[in-house]
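# Tertiary structure, described
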Amino acid sequence: EADIYQTPRYLVIGTGKKITLECSQTMGHDKMYWYQQDPGMELHLIHYSYGVNSTEKGDLSSESTVSRIRTEHFPLTLESARPSHTSQYLCASSLPRDSNEQFFGPGTRLTVL
Amino acid sequence: GQQVMQIPQYQHVQEGEDFTTYCNSSTTLSNIQWYKQRPGGHPVFLIQLVKSGEVKKQKRLTFQFGEAKKNSSLHITATQTTDVGTYFCAGPRWKTSGSRLTFGEGTQLTVNP
């Protein structure tokens, strides 16, 4: 089992609140990713990082922001949550090569009321 | 940009029937990966194909990579209820900052006992 963790697993929050979704991995992977996924639907890459102090936006525009101050930690922040942000957020990590598999965390299921 | 397309989007089978999902890329891929996501779970890496025309088997699962390295398939023989889930293919996409995976839309498999 991969050592990548996400907290919280479930979050129900009101509109306008600031939230931070945590993601940590203990595998020493340089690459980390955030995906947004509605139930049973495709994975949308919203942020990725190739290493410390490296972050880039993904394919799907997102109002969230990320930071990568430490290799093992890649938190995602929403400054002001809205109902349209309701979704599952999956964090993943991999070794540097493009052929390396991605290890996914269990996900955070976010509901914004 | 590079797209990875998967068909069918949904597949319902009776237990014991075979199942196939197809993945097509608009560009040649250096490799292709397959993931399985159980309902309520997170994607889990199944396999990677690298060589043109490569065929790999995992018990009842057979994975193929096309000769032109632009398409791939996953075939399950004699499905079981444990095969239920969404199957994603993914290929690397290159950006100036490096590569990352592009996931197909996924095929949701349901198996009636």
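Below, the structure is looked at part by part. For clarity, every value in this text was computed on a predicted model and none was experimentally measured.

Moving on: the interface of chain B and chain A. Chain B puts 25 residues into the contact, and the matching count from chain A is 26 residues. Buried area between chain B and chain A, summed over both chains or domains, comes out near 2000 Å², and the portion from carbon and sulfur atoms is 45%. Between the two partners, chain B and chain A, sit two salt bridges. In this structure, the salt-bridge partner of Asp59(A) is Arg100(B), at a minimum N-O distance of 2.6 Å. Here chain B is connected to chain A by six residue pairs in polar contact (both at pLDDT 80 or more). Elements supplying a minimum of two residues to the side of chain B that touches chain A: strand E4 (32-37), strand E5 (44-49), strand E9 (85-95) and strand E10 (98-103) of chain B. Per-class residue counts for the side of chain B that touches chain A are eight nonpolar, 13 polar and four charged.

Another aspect to go through is the pairing of strand E6 (residues 55-58) of chain B. All names here are of chain B. For E6 and strand E7 (residues 61-65), the ladder comprises four bridges, and the chain directions are antiparallel. Bridge pairing in E7 links Lys56 to Phe63. The hairpin formed by E6 and E7 contains two residues between the paired strands, and Lys59 there has a positive phi angle of roughly 55 degrees.

Attention now goes to the state of the cysteines. All names here are of chain B. Evaluation of the coordinates by the stated rule reveals two disulfides over all chains. A sulfur-sulfur distance of 2.0 Å marks the disulfide that ties Cys23 to Cys89. Looking along the S-S bond of the Cys23-Cys89 disulfide, the torsion reads about 75 degrees, which is the right-handed sense. With Cys23 in strand E3 (residues 19-25) and Cys89 in strand E9, the pair connects residues that are 66 residues apart, well separated along the chain. Each of the two residues, Cys23 as well as Cys89, counts as buried.

On to the nonpolar core, then. Grouped together as the largest cluster of nonpolar side chains are 19 residues, with contacts concentrated most on Ile32(B), Trp34(B) and Phe63(B). Counting residues per element, the ones that place at least two in this core are E3, E4, E5, E7, strand E8 (71-76), E9 and strand E11 (107-112) of chain B. Core analysis: the next-biggest nonpolar cluster, separate from the first, contains 17 residues, Ile13(A), Ile19(A), Met32(A) and Leu78(A) among them.

This paragraph deals with the layout of surface pockets. Considered as a void within the structure, the largest pocket measures approximately 280 Å³ in volume. Forming the walls of the largest pocket are 16 residues, and the residues nearest its centre are Glu42(A), Leu43(A), Asp59(A), Thr102(B) and Phe103(B). At the level of elements, strand E5 (44-51) of chain A together with strand E1 (4-7) and E10 of chain B are the ones that each hand at least two residues to the lining of the largest pocket. Looking at the lining of the largest pocket element by element, the count peaks at three residues for E10(B). Taken together, the residues of the lining of the largest pocket break down into eight nonpolar, four polar and four charged.

Residues and elements named next belong to chain B. Strand order across the open sheet formed by five strands is E1-E3-E8-E7-E6, with antiparallel pairing between neighbours. In the strand order of this sheet, the two ends are held by E1 and E6, each with one partner. Neighbouring strand axes in the sheet, compared pairwise and without regard to direction, differ in orientation by 15 degrees on average. In terms of strand pairing, E7 meets E8 through five bridges, oriented antiparallel. Within E8, the position partnered with Leu61 by the bridge is Ile76.

Another point: unusual backbone geometry. Geometrically, the link from Thr7(A) to Pro8(A) is a cis peptide bond, its omega value of -10 degrees lying close to zero. Of note, the bond from Ile7(B) into Pro8(B) is cis; its omega dihedral lies within 30 degrees of zero at -5 degrees. Looking at where Pro8(B) falls in the secondary structure, it is placed in the loop between E1 and strand E2 (10-14). Phi at Lys59(B) is positive, roughly 55 degrees, even though this residue is not glycine.

What counts as what
- Residues numbered from 1 in each chain as written.
- Chains lettered and ligands numbered in written order.
- Predicted model: local features only at pLDDT ≥ 70, side-chain atom pairs only at ≥ 80, totals over all residues.
- Heavy atoms only, no water.
- Contact = heavy atoms within 4.5 Å.
- Buried area = accessible area lost by both parts, 1.4 Å probe.
- Salt bridge = Lys/Arg side-chain N within 4 Å of Asp/Glu carboxyl O.
- Polar contact = N/O pair within 3.5 Å; in protein donor to acceptor, adjacent residues only side chain to side chain.
- Helix = DSSP H or I, 4+ residues; strand = E, 2+ residues; numbered from the N terminus.
- Nonpolar A, V, L, I, M, F, W, Y, C, P; charged D, E, K, R; others polar.
- Pairing = 2+ DSSP bridges.
- Disulfide = S-S within 2.5 Å.
- Buried < 20%, exposed > 50% of the residue type's maximum accessible area, 1.4 Å probe, protein only.
- Core = buried A, V, L, I, M, F, W, Y, C linked by side-chain atoms within 4.5 Å.
- 1 Å grid on protein atoms, 1.4 Å probe; cavity = no way out; pocket = protein on both sides within 12 Å on 5 of 7 lines; lining within 4 Å.
- Points joined across faces, edges and corners; volume = space filled by probe spheres on them.
- Axes fitted to C-alpha atoms, helices over the stretch in contact; angles between N-to-C directions.

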